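The chain contents come next:
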Amino acid sequence: DVLVWQGSAWKRVAGETDNCMRRRVLTFEPVVSDRVRIEMHETNGARSARVYEVRIYDGDTVLT
């Protein structure tokens, strides 16, 4: 799940289930926030999960 801070709570803006791909591109409506959270709920049999890179775009501009 991809969550953003909105006001005083986290709001889910994108997510996926049953994913076993190494690279995922998730799109969602533009939001204004100064915090992003990524939550992984399970692995494909591994003991741990890892995030290697996160890119956040505003149109064609990379923000982070």
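Each value, and the rule that gives it
- Residues numbered from 1 in each chain as written.
- Predicted model: local features only at pLDDT ≥ 70, side-chain atom pairs only at ≥ 80, totals over all residues.
- Heavy atoms only, no water.
- Helix = DSSP H or I, 4+ residues; strand = E, 2+ residues; numbered from the N terminus.
- Buried < 20%, exposed > 50% of the residue type's maximum accessible area, 1.4 Å probe, protein only.
- Polar contact = N/O pair within 3.5 Å; in protein donor to acceptor, adjacent residues only side chain to side chain.
- Contact = heavy atoms within 4.5 Å.

S.K.: Tell me about the environment of N19, and name the residues and values.
M.R.: Of note, N19 is situated in the loop between strand 2 (9-14) and strand 3 (36-38). Judged by its relative accessible area of 33%, N19 falls in the partly exposed class. C-alpha separation for the pair N19 and R37, spaced 18 residues apart in sequence, amounts to 18 Å. Reaching out from N19, the side chain makes a polar contact with the backbone nitrogen of M21 at a distance of 2.9 Å.

S.K.: Tell me about the environment of R37, and name the residues and values.
M.R.: Secondary-structure assignment places R37 in strand 3. Taking the relative accessible area as the measure of exposure, R37 reaches 34% and is therefore partly exposed. Residues R37 and L3 lie 34 residues apart in sequence; the distance between their C-alpha atoms is 5.0 Å. When neighbours within four sequence positions are excluded, R37 is seen to be in contact with D1, V2, L3 and W10.

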